[in-house]
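Next come the chains, spelled out residue by residue.
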Amino acid sequence: MAGEPQDDCLFCKIVAGTIPATIVRETETTVAFRDINPQAPTHVLVIPKAHYRNAAELAAHAPELAADVLRESGSVADEDKLDSYRVVFNTGSGAGQTVWHAHAHVLGGRGLNWPPG
């Protein structure tokens, strides 16, 4: 069920504290932690504590929580003193989603020209 913790979800386990992570911010509704495979000098994941499979499901079922994730993404960027940064939601395996819990990637600290590559 959307919003309920999933026993097989890596990010739900991070929220529960059963898997360690380098947490940089935590609110009542979100957790932000450093990516274990950073793609930029700043690469932080911001996740809702409630489980939603992807960004579209999060926005459809809990728009206020989606706003919390975006707000915290800005706070992460502020704390890391980023003048510019990118917030990315990968939705679906073809887009690079590998953990099926909605999450925003906050990337910064280097040039991020678009399109990548």
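Refer to the preceding data block for the structure.
Below or above, wherever it landed, is the structure these notes cover. (Residues numbered from 1 in each chain as written. Predicted model: local features only at pLDDT ≥ 70, side-chain atom pairs only at ≥ 80, totals over all residues. Heavy atoms only, no water.)

**A short note on the sheet that holds strand 1 (residues 23–26)**
Counted only if it meets this: Strands were regarded as paired on the criterion that DSSP finds at least two bridges between them. Strands here mean DSSP runs of E at least two residues long; helices mean DSSP runs of H or I at least four residues long; both are numbered from the N terminus. Axis definition: a line fitted to C-alpha atoms, limited for helices to the stretch in contact. Angles are taken between N-to-C directions and run from 0 to 180 degrees. Any two residues having at least one pair of non-hydrogen atoms within 4.5 Å are treated as being in contact.
Pairing within the open sheet is antiparallel, and its five strands lie in the order 1-2-3-5-4. Only two strands of the sheet have a single partner each, and these edge strands are strand 1 and strand 4 (85–88). Taken pair by pair, the neighbouring strands of this sheet meet at an average axis angle of 20°, ignoring direction. Across four bridges, strand 4 lies against strand 5 (residues 104–108) in antiparallel orientation. Bridge pairing links Val-87 to Val-106 in strand 5. Across the face of the sheet, helix 3 (residues 63–79) comes into contact with strand 1, strand 2 (30–34), strand 3 (42–48), strand 4 and strand 5 while running at roughly 155° to strand 3.

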